[in-house]
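Structural features, examined
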Amino acid sequence: MALFIIGLGLSDEKDITVKGLEAIKKAEKLYLDIYTSQLTNAAIKGLEGFYGKKIIPAGRDLVENKAEQTILKDAKQGNAAFLVVGDPMSATTHNDLRIRAEQLKIP
């Protein structure tokens, strides 16, 4: 069980780091932050095609108010990834998600 918070870069699906791509391969569930920023040259379908997995769009309400029933629940049961355009820890909601995961003993 783990929660991976992964920065995707800024442009398209190929901007991800090798370590980020390895974490995506380990994750059973992928959530994409759709409220902080957007890739300039990619859409969810392109990301899904490149990563070979379905992506769940995660708006602000899901991350701030429903993470225990979604992202954190999935991370407690297996591996989940929260995908973020740019710096994954630049938003307070992303740091809050990390803190809540730690409180639930999710690495």
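Shown above is the structure to which this text applies.
Residues numbered from 1 in each chain as written. Predicted model: local features only at pLDDT ≥ 70, side-chain atom pairs only at ≥ 80, totals over all residues. Heavy atoms only, no water.

1. So, the packing of aromatic side chains
Within a pair of aromatic rings, the relevant descriptors are the distance that separates the centres and the angle that separates the planes. The cut-off we apply is this: A pair of Phe, Tyr and Trp rings is counted when the ring centres sit within 6.5 Å of each other, with Trp represented by its six-membered ring. The angle between the planes then sorts it: under 30 degrees is stacked, over 60 is edge-to-face, the rest tilted. The rule is simple: take the accessible area with a 1.4 Å probe, protein chains only, and divide by the maximum for that residue type; under 20% is buried, over 50% is exposed, in between is partly exposed.
Scanning all chains against the criterion turns up one aromatic pair. Seen in terms of ring centroids, Phe50 and Tyr51 are 5.6 Å apart; in terms of plane orientation they differ by 70 degrees. Their pairing is edge-to-face. According to the relative accessible area criterion, Tyr51 is buried, its value standing at 8%.

2. Re the environment of Leu30
Rules: Each helix is a run of H or I in the DSSP string that is no shorter than four residues. Each strand is a run of E no shorter than two, and both are numbered from the N terminus.
One can find Leu30 in strand β2 (residues 29–33). Considering only alpha carbons, one finds Leu30 and Ala80, 50 residues apart in sequence, at a separation of 5.9 Å.

3. Points about the sheet that holds strand β3 (residues 55–58)
Stated precisely, the cut-off is as follows: At least two DSSP bridges between two strands are needed for those strands to be called paired. Only C-alpha atoms enter the line fits that serve as axes; for helices the fit covers just the stretch in contact. Angles between N-to-C directions range over 0 to 180 degrees. In what follows, a contact means two residues having at least one pair of non-hydrogen atoms within 4.5 Å.
If you trace the four strands from one edge of the open sheet to the other, you get β1-β4-β2-β3, paired in parallel fashion. The sheet is open, and its two edges are formed by β1 (2–7) and β3, each paired on a single side. Averaged over all neighbouring strand pairs, the angle between strand axes comes to 25 degrees, with direction disregarded. In this fold helix α2 (residues 44–51) packs onto β2, β3 and β4 (79–84), with an angle of close to 145 degrees to the strand it touches most, β3.

4. A few points about the pattern of salt bridges
Using the following cut-off: We define a salt bridge as a contact between a side-chain nitrogen of Lys or Arg and a carboxyl oxygen of Asp or Glu at a distance within 4 Å.
Under the counting rule described, the total for this entry stands at six salt bridges. The salt bridge involving Lys45 is made with Glu48; its shortest N-O contact spans 3.9 Å. With Lys45 and Glu48 both in helix α2 and three residues apart, this pair spans about one turn of that helix. Residue class for Lys45 comes out exposed when judged on its relative accessible area of 68%. Relative accessible area serves as the criterion here: at 16%, Glu48 is assigned to the buried category. Here Arg98 makes a salt bridge to Glu102, at a shortest N to O gap of 2.9 Å. You can see Arg98 and its partner Glu102 sitting in helix α5 (residues 92–103), four residues apart, about one turn around the helix. Where salt bridges share partners, they join Glu68, Asp96 and Arg100 into one cluster.

5. Side note on the nonpolar core
The line we're drawing: The nonpolar core is taken to be a set of buried Ala, Val, Leu, Ile, Met, Phe, Trp, Tyr and Cys residues, with the residues joined through side-chain atoms within 4.5 Å.
Ranked by size, the top nonpolar core spans 16 residues in total, and within it Leu3, Val63, Ile71, Leu72, Phe82 and Leu97 carry the most contacts. Mapped onto this core, the elements with two or more residues apiece are α3 (60–65), α4 (71–77), β4 and α5. Every residue in contact with Leu97, bar those within four places of it in the chain, is listed here: Leu3, Ala67, Ile71, Leu72 and Phe82. If you look at the next biggest cluster of nonpolar residues, it comprises 15 residues, including Leu8, Ile16, Leu32 and Ala81.

6. Re α2
Under the convention used in this document: This arc corresponds to the set of directions leading from the helix axis out to the C-beta atoms.
Residues of α2 that are buried: Leu47, Glu48 and Tyr51. For α2, the angular spread of buried residues about the axis comes to 100 degrees, placing them on one side. α2 presents Lys45 and Gly49 as exposed residues on the side facing more than 90 degrees away from its buried surface. In this structure, the buried residues of α2 make contact with α1 (18–26), β2, β3 and β4.

Remember, this is a structural readout, not a statement about activity or role.
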